[in-house]
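Structural characterization, general
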Amino acid sequence: QVHLVQSGGGSAQSGGSLRLSCAASTYSDSQFCLAWFRKAPGKEREQVAVRLADGRTKYAVSVEGRFSVSLDNTNYTFYLDMSSLEPDDTAVYYCAAGLCGTGLWHWGQGTQVTVSS
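Described below are features of the structure shown in this document. On a predicted model such as this, the values are computed, not experimentally measured, just so you know.

Inspection of the entire model under this criterion finds six salt bridges. Here Asp81 and Arg19 are joined by a salt bridge, their closest N and O atoms 2.8 Å apart. Placement of the pair is Asp81 in strand β8 (residues 77-82) and Arg19 in strand β3 (residues 18-24), with a sequence separation of 62 residues. In this structure Arg19 comes out as partly exposed when scored by relative accessible area, which is 42%.

Next up, the structure:
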């Protein structure tokens, strides 16, 4: 069982930046996919970014070039750095980790990100 604890987020103005952190009890970066999702009111859950076991990271078109995933494997923590934030980025953000290819995720508790214009 992988336990994930999120921190960061909050409020920002349009064009600003925020960082989200996800501290995991453990993971294997060569076997696990590490991802960020978001859920906005009235919208379906969206996968924002996923770091694959081979080291590649895929981003949703809506955040490409603005969001970045990084890892600190020493502390089993991964991050989502968000810049050039837009009001449409407002959502509850969730981190997730799971064995790649299984479709099974362990989830963080979620954190609110609110971007004002």
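One non-glycine residue with positive phi stands out, namely Tyr76, at about 50°. Inspection of the secondary structure assignment puts Tyr76 in the loop between β7 (67-72) and β8. Positive phi is not limited to glycine here, since Ser84 has a value of about 45°. Among the structural elements, Ser84 can be located in the loop between β8 and β9 (91-99).

Read from one edge to the other, the open sheet built from four strands follows the order β1-β3-β8-β7, with strand pairing classed as antiparallel. Each edge of the sheet is formed by a strand with only one pairing partner; in this case those strands are β1 (4-8) and β7. Averaged over all adjacent pairs, the angle separating strand axes in this sheet is 20°, with direction ignored.

Another aspect to go through is the packing of aromatic side chains. With the rule as written, the count across this model stands at six aromatic pairs. Relative to Tyr76, the ring of Tyr27 has its centre 5.5 Å away and its plane inclined at 80°; by these criteria the two rings are edge-to-face. Within this pair, whereas Tyr27 is found in the loop between β3 and β4 (32-39), its partner Tyr76 is found in the loop between β7 and β8, the two being separated by 49 residues in sequence. Here Tyr76 falls in the partly exposed class, since its relative accessible area comes to 33%. Ring geometry for Trp36 versus Phe78: centroids 5.6 Å apart, planes at 65°, classification edge-to-face. Of this pair, Trp36 sits in strand β4 while Phe78 sits in strand β8, and the two are 42 residues apart along the sequence. Of the two residues, Trp36 and Phe78, both sit in the buried class. Aromatic rings pair up to connect Tyr27, Trp36, Tyr76 and Phe78 into one cluster. Arg19 extends its terminal NZ or CZ atom over the ring of Tyr79, reaching a point 4.1 Å from the ring centre.

About the cut-offs
Residues numbered from 1 in each chain as written. Predicted model: local features only at pLDDT ≥ 70, side-chain atom pairs only at ≥ 80, totals over all residues. Heavy atoms only, no water. Salt bridge = Lys/Arg side-chain N within 4 Å of Asp/Glu carboxyl O. Helix = DSSP H or I, 4+ residues; strand = E, 2+ residues; numbered from the N terminus. Buried < 20%, exposed > 50% of the residue type's maximum accessible area, 1.4 Å probe, protein only. Pairing = 2+ DSSP bridges. Axes fitted to C-alpha atoms, helices over the stretch in contact; angles between N-to-C directions. Phe/Tyr/Trp six-rings, centres within 6.5 Å; stacked < 30°, edge-to-face > 60°. Lys NZ or Arg CZ within 6 Å of the ring centre and 35° of its normal.

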